[in-house]
Amino acid sequence: ALGRVVGTRYTLLEEFTHGMERLDLPDPLQRLPGWLSESLSGTQATIHGDLNLENVLVGPGGFVWLIDFALTREGHTLFDFAHLGAELVAHLAAPQMAQPDEYLNFLQAVISGCAHASPLLPLFQELQRVASICLFNPSRPREFHLALALACLGALKFNNLDAHQKHLLYLTAAYLGQ
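Small disclaimer: the values here were computed from a predicted structure and weren't measured. (Residues numbered from 1 in each chain as written. Predicted model: local features only at pLDDT ≥ 70, side-chain atom pairs only at ≥ 80, totals over all residues. Heavy atoms only, no water.)

Draft legend 1. Summary view of the overall build of the protein chain. Looking only at helices and strands, the protein chain features seven helices and four strands. Ordered by position in the sequence, the α and β elements of the protein chain form the string α-α-β-β-β-β-α-α-α-α-α. Taking 2.2 N^0.38 as the reference for a compact globule, 178 residues should give roughly 16 Å; the C-alpha atoms of the protein chain span a radius of gyration of 17 Å, in line with that estimate. Its C-alpha atoms give the protein chain principal-axis dimensions of roughly 55 × 40 × 35 Å. (Helix = DSSP H or I, 4+ residues; strand = E, 2+ residues; numbered from the N terminus. Rg over C-alpha atoms; globule rule 2.2 N^0.38 Å.)

Draft legend 2. Focus on unusual backbone geometry. One non-glycine residue, L23, lies in the positive phi region at around 55 degrees. When its relative accessible area of 30% is taken as the criterion, L23 is described as partly exposed. The backbone phi angle of D24 is positive, close to 70 degrees, even though this residue is not glycine. Relative to the elements of secondary structure, D24 occurs in the loop between α1 (9-17) and α2 (28-37). (Buried < 20%, exposed > 50% of the residue type's maximum accessible area, 1.4 Å probe, protein only.)

Draft legend 3. A look at the packing of helix α3 (residues 79-96) against helix α7 (residues 163-176). Between α3 and α7, whose axes approach to 9 Å, the crossing angle comes to 130 degrees. One finds that α3 runs oblique with respect to α7. Between α3 and α7 the crossing geometry is right-handed. Here A86, V89, A90, H91, A93 and A94 of α3 lie close against α7, whose contacting residues are H164, Q165, L168, L169 and T172. (Axes fitted to C-alpha atoms, helices over the stretch in contact; angles between N-to-C directions. Parallel < 35°, antiparallel > 145°, perpendicular 65-115°, else oblique. Left-handed = near helix turned anticlockwise from the far one by under 90°. Contact = heavy atoms within 4.5 Å.)

Draft legend 4. View of the environment of R31. For R31, the position within the fold is in helix α2. Residues R31 and P138, spaced 107 residues apart in sequence, show a C-alpha to C-alpha distance of 24 Å. With residues near it in sequence (within four places) discarded, R31 still touches P26, G177 and Q178. Within the structure, the side chain of R31 is placed 3.0 Å from the backbone oxygen of G177, a separation counted as a polar contact. (Polar contact = N/O pair within 3.5 Å; in protein donor to acceptor, adjacent residues only side chain to side chain.)

Draft legend 5. Fine view of the side chain of Q128. Summarising the element assignment, Q128 is placed in helix α5 (residues 121-133). From its side chain, Q128 meets the backbone oxygen of V110 in a polar contact 3.3 Å long. Residues contacting Q128, with those up to four places away along its chain left out, are V110, I111, F144 and H145.

Draft legend 6. Summary view of the environment of V64. Residue placement: V64 occurs in strand β3 (residues 64-66). Other than its neighbours up to four places away in sequence, V64 contacts V56, L57 and V58.

Draft legend 7. Local environment of the packing of helix α6 (residues 142-155) against α7. Two elements in contact, α6 and α7, have axes whose closest approach is 8 Å; the angle formed by their N-to-C orientations is 150 degrees. Taken together, α6 and α7 sit at an angle that is classed as roughly antiparallel. The two elements α6 and α7 cross, and the hand of that crossing is left-handed. Across the interface between the two elements, R142, H145, L148, A149, C152, L153 and A155 of α6 pack against L169, Y170, T172, A173 and L176 of α7. Residues of the contact of α6 with α7, tallied by class, amount to nine nonpolar, two polar and one charged. (Nonpolar A, V, L, I, M, F, W, Y, C, P; charged D, E, K, R; others polar.)

Draft legend 8. Region of interest: the side chain of D80. Mapped onto the secondary structure, D80 falls in helix α3. No salt bridge forms around the buried D80; measuring N to O, its nearest opposite-charge neighbour R73 is 6.5 Å away. Excluding residues that lie within four positions of it along the chain, D80 makes contacts with I47, H48, G49, D50 and L51. (Lys, Arg positive; Asp, Glu negative; His and termini not counted. Salt bridge = Lys/Arg side-chain N within 4 Å of Asp/Glu carboxyl O.)

This is how it looks when you write it as structure tokens:
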């Protein structure tokens, strides 16, 4: 069989992010080759494989259930948390934060543990706290930040996201990749 390469991961990401403002942050696409070749220690475990907002149910009394285990497999312990983080950015933060600089202030508060007026702050900080339990070295959050940055870039391919959602995902990758 013959084939012709019409796009690479990089060229597709360039198309997805063409014209997006970075607000003085470094271009995460230029850092992507370094991220992909970066060596980090990590652990593997059984992961959900499709942890997204539609697969998390909250019932009476605040009990939480996970559903849809069709993609459960062995994988990096941060895979599910990084993908859930990208979901939170696109589907919870984007509708509540119309301005990209407002979102960056929020993201800085999440990462630094500072106060912020957004009611989303405890949710994002809890995700970060739970993910930190799964770090190979809990004193080095780079492992989670890199996983989240890559998950955010990967989410840019989804057609169900609007330009604002994609822009905040792109800014997340740019901010975390500094």
